Amino acid sequence: MSSAKNLLISLSSAAEIARKIYHNDLLDHHDTAFVVYDFRRLHEKTNLVKEAFPIFWNHAVAIKSNPLHKVIEHIGTQGLGLEAASYEEVWLAQQSNAHFIIWDSPAKTEDEISKVIQSKTPVIINANSLEELKFLTRQNCSENTRIGLRINPLMKLSSLSSMTVGAENSKFGEPISNSNSIKELIADCGMKIGLHVHASSQNLQLDESVLAIKKIYDLALEIGFDKISYIDIGGGFPAFYGFEETAALSDYANLLHEKCPRLFDESIDVYTEFGRFYHANAGFHISKINEVKSFSDQQTLTIHLGADMFLRESYQPGVWKHRLALINHDFELIACEKTQTDIGGPLCFGGDYIAKNIALSRASSHDYLMIMDTGANSFALWSMHCSRTFPKVIGIDDLGNPFILKHRQTLEDIARFWS
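Counting from 1, residues in each chain are numbered in the order their sequence is written. Since the coordinates come from a predicted model, pLDDT governs what is reported: local features require at least 70, and pairs of side-chain atoms require 80 or more to be given and counted, while whole-chain, interface and lining totals use all residues. To get the side-chain values, take all heavy atoms of the structure and skip hydrogens and water.

J.: Outline the pairing of strand 9 (residues 228–232), listing residues and values.
T.: The side chains of a regular strand alternate, first on one face of the sheet and then on the other. Only protein chains enter the accessibility calculation, which uses a 1.4 Å probe; a residue is then buried when its area is under 20% of its type maximum, exposed when over 50%, and partly exposed in between. Only DSSP runs of H or I with at least four residues qualify as helices, and only runs of E with at least two residues qualify as strands; both kinds are numbered from the N terminus onward. With five of its five residues buried, strand 9 lies for the most part within the structure. Where strand 8 (residues 193–196) lies against strand 9, three bridges are found, and the strand directions are parallel. Each residue of the ladder has a partner; that of His-196, found in strand 9, is Asp-232. Place the viewer so that the strands point away; then a crossover is right-handed whenever the path from the first strand over the helix to the second strand goes clockwise. Taken together, strand 8, helix 9 (residues 206–223) and strand 9 constitute a β-α-β crossover, and its handedness is right-handed. Here strand 9 runs beside strand 10 (residues 269–272); their pairing, made up of three bridges, is parallel. Its bridge partner being in strand 10, Tyr-230 is matched across the sheet by Asp-269. Handedness of the crossover joining strand 9 and strand 10 through helix 10 (residues 249–259) is recorded here as right-handed. Two strands are counted as paired when DSSP detects at least two bridges linking them.

Set out below in structure tokens:
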């Protein structure tokens, strides 16, 4: 647990970073809210992954968790690959000099496939079904292309239902109950095929996650490793948000080694696809408080970030919690008596709250709210509801210096989107 806490950006450090951003004149009066992404934290996570697993394993980072161009471009320079969940993400990866690309989309068109199989960047295409795999085996793929099959282990894990993708009737993967047909196709196709599994995200029960992988590992043993191109164990390892019990990556690796030992002896290529784990703790958001409504027993704050930025937090209230803190106009932490607080966003609908019934210091309209551990699945899920502009993103480099990572969206950008 202590190692996980050490990976969090502390509230005092976040306030100090905000102060430095302000004094470097990177904000203007339009920046009622902004995003911070610290590359030092990304490096800590990539190093953790490289140290936890054998050196010959291949690690991809899920684009969907954080698709900022300069971030995924930087990942490529670190010798990691990128995992794409759409053709558009494959295209983004190709522009970012990715070491390799894994394409896992459940909805690939024939036209998209025809373009990707000729990729100059090494690419893995994981078919979502036996029918798609049959189609792929008939294509004239370049020597840079490897194909495989995503397999549904038919396990409903303990993670949130919206994060579980391996249950019965899932749209993801070929059910492992069809293993005979899977083995027949691999035997008949005359080429090596990879096997891929991803059962859920943000699941804290490591034994469940490893059991899902072991099902595909055992199938690979039955088929014979000499007929299997690779094993892709997917992503989903949980990020730590400062509240919940969490799991150590080393424990996950040790359990995998115990249950699936041949993944560790260089007898087959192994791939991972973590996303949230790499990015979540590297980012935080800051918003000016637009208005404070004070009541006898609580306060309701309106800020400039809401369901446009925090889609899951608003539509699954109470599930996705973040560390929250107030800072004043000098970017100093506010520590005073706490009161029950609701935090509403700027959108015009009743569900636009990122948190309710939490304890927070008394606020004024001159203060700012810091929302921590938001580097993954926040701006990546950006919604155009109410046509608000995407905020400025400030990067923090290896030396701790702030720079503009992405400029604030303009009104002309909004007009082009809807034109």
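J.: Could you give an account of the pattern of salt bridges, naming the residues involved and the relevant values?
T.: Here the idea is simple: oppositely charged side chains can pair when their charged atoms come close. Note on definitions: salt bridges are taken to be side-chain nitrogens of Lys or Arg within 4 Å of carboxyl oxygens of Asp or Glu. Applying the stated criterion across every chain yields a total of 17 salt bridges. Here Lys-64 and Glu-83 are joined by a salt bridge, their closest N and O atoms 3.4 Å apart. In this pair, Lys-64 is assigned in the loop between strand 2 (58–62) and helix 4 (69–77) and Glu-83 in strand 3 (residues 81–84), connecting sequence segments 19 residues apart. The class of Lys-64 is partly exposed, set by a relative accessible area of 42%. In this structure Glu-83 comes out as buried when scored by relative accessible area, which is 2%. Here Lys-227 makes a salt bridge to Asp-226, at a shortest N to O gap of 3.7 Å.

J.: Run through helix 10, naming residues and quoting values.
T.: Considered for burial, the residues of helix 10 that qualify are Leu-249, Tyr-252, Ala-253, Leu-255 and Leu-256. Each buried residue of helix 10 sits inside an arc of 165° when the element is viewed along its axis, so together they form one side. Relative to its buried face, helix 10 has exposed residues pointing more than 90 degrees away, namely Asn-254 and Glu-258. Whether two residues are in contact is decided by their heavy atoms: any pair within 4.5 Å suffices. Buried positions along helix 10 lie against helix 3 (39–52), helix 9 and helix 11 (276–279). Within this analysis, the arc is defined by the directions that extend from the helix axis to the C-beta atoms.

J.: Tell me what's going on with the packing of helix 9 against helix 10, and back it up with residues and numbers.
T.: The relative placement of two packed helices comes down to the angle between their axes together with the axis-to-axis distance. Angles here are taken between N-to-C directions and fall from 0 to 180 degrees, while the axes themselves are lines fitted to C-alpha atoms, restricted in helices to the stretch in contact. Here helix 9 crosses helix 10 at 35°, and the two axes come no closer than 10 Å. Between helix 9 and helix 10 the crossing geometry is right-handed. Taken together, the residues of helix 10 that come into contact with helix 9 (itself represented by Leu-206, Asp-207, Ser-209, Val-210, Ile-213, Lys-214 and Tyr-217) are Asp-251, Tyr-252, Leu-255, Leu-256 and Lys-259. Across the contact of helix 9 with helix 10, the residue classes tally to seven nonpolar, one polar and four charged. Two helices crossing with the near one rotated counterclockwise from the far one by less than a right angle form a left-handed crossing, whereas a clockwise rotation gives a right-handed crossing. As a working rule, the residues Ala, Val, Leu, Ile, Met, Phe, Trp, Tyr, Cys and Pro are called nonpolar, Asp, Glu, Lys and Arg charged, and the rest polar, with Gly in that last group.

Purely geometric numbers; function is a separate question.
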